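# Summary of structural features
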Amino acid sequence: MTIQQTLSIIKPDAVRRNLTGQINAKIEEAGLRIIAQKRHRLTKEQTQAFYAVHAERSFYEDLCNAMTLGPIIVQVLEEEEAIAKYREVMGATNPSNAAPETIRYEFGESVTFNSVHGSDAPETAAKEIPFFFSQIEILR
C-alpha cells in the first residue's frame, strides 16, 4: 500500500450551511488524516484556472460560478490509498446517485452544489495541492 496525499475542498454550499465539522468527522472516521487546512475565497480567475481541465464541458461555467459564491475550506488529506479512500467517502458526483452515508449523499444538494471536491488521481493531486498549499503549510 502507498501513502498518498489528496486535495479536499469543502465547497461554498457546505461552508454556508456550516457543515465543515460534520464533513471533517466523516473524513477522519474513514481513517484519513487532515494534514493541512485553511479557509480561502476563490476569484473567478482562480476557479477557471483550477478547473481548466473541464473548460470544454457543459458544466464548467456553473461549476466556476458555484465555487465563487463564498469561502471554501481547502485541505490536504493523507493515508494509504488516500485518493481512492476519499473518493469513496465523498460518494458519486450526483448526490442522488451517491451511496448512503457518503458526504454527497448526506450533504449534497445537486450536481453543482455537491459539497466537496477531491483529487481523482495521483497526477491530479500533485497539481491541485500546490495550487493552494506550499510545502511549509503541510504538516505531518
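Refer to the structure above for everything that follows.
Residues numbered from 1 in each chain as written. Predicted model: local features only at pLDDT ≥ 70, side-chain atom pairs only at ≥ 80, totals over all residues. Heavy atoms only, no water.

## Focus: the side chain of Lys-11
So the rule is basically this: Only DSSP runs of H or I covering at least 4 residues are called helices, and only runs of E covering at least 2 are called strands; the numbering of each starts at the N terminus. For every residue, the accessible area obtained with a 1.4 Å probe (protein chains only) is divided by the maximum for its type, and the residue is called buried under 20%, exposed over 50%, and partly exposed between those limits. For the charge count, each Lys or Arg is scored as positive and each Asp or Glu as negative, with His and the chain ends excluded. The term salt bridge refers to a side-chain nitrogen of Lys or Arg lying within 4 Å of a carboxyl oxygen of Asp or Glu.
Inspection of the secondary structure assignment puts Lys-11 in the loop between β1 (3-10) and α1 (12-16). An unpaired buried charge is present at Lys-11: no salt bridge exists, and Asp-13, the closest side chain of opposite charge, is 6.1 Å distant.

## Some thoughts on the nonpolar core
Stated formally: Here, nonpolar core refers to any group of buried Ala, Val, Leu, Ile, Met, Phe, Trp, Tyr and Cys residues whose side-chain atoms link them within 4.5 Å. Should any heavy atoms of two residues lie within 4.5 Å, those residues are considered in contact.
If you look at the biggest cluster of nonpolar residues, it comprises 20 residues, and the most contacted ones within it are Ile-9, Phe-132 and Phe-133. The set of elements that each furnish at least two residues to this core consists of β1, β2 (33-40), α4 (60-67), β3 (72-80) and α7 (122-132). Of the residues forming this core, the biggest block, 4 residues, is contributed by α4. For Phe-133, the residues in contact, after removing those within four places along its chain, are Leu-7, Ala-36, Gln-37, Lys-38, Val-74, Gln-75, Val-76 and Ile-138.

## Thoughts on the pairing of β3
Just so we agree on the cut-off: A pair of strands is labelled paired if DSSP reports no fewer than 2 bridges between them.
With respect to burial, β3 is a largely interior element, 8 of its 9 residues being buried. As paired elements, β1 and β3 share 8 bridges and run antiparallel to each other. In the strand pairing of β3, Ile-3 is matched with Glu-80. Here 7 bridges tie β2 to β3, and the two strands are oriented antiparallel to one another.

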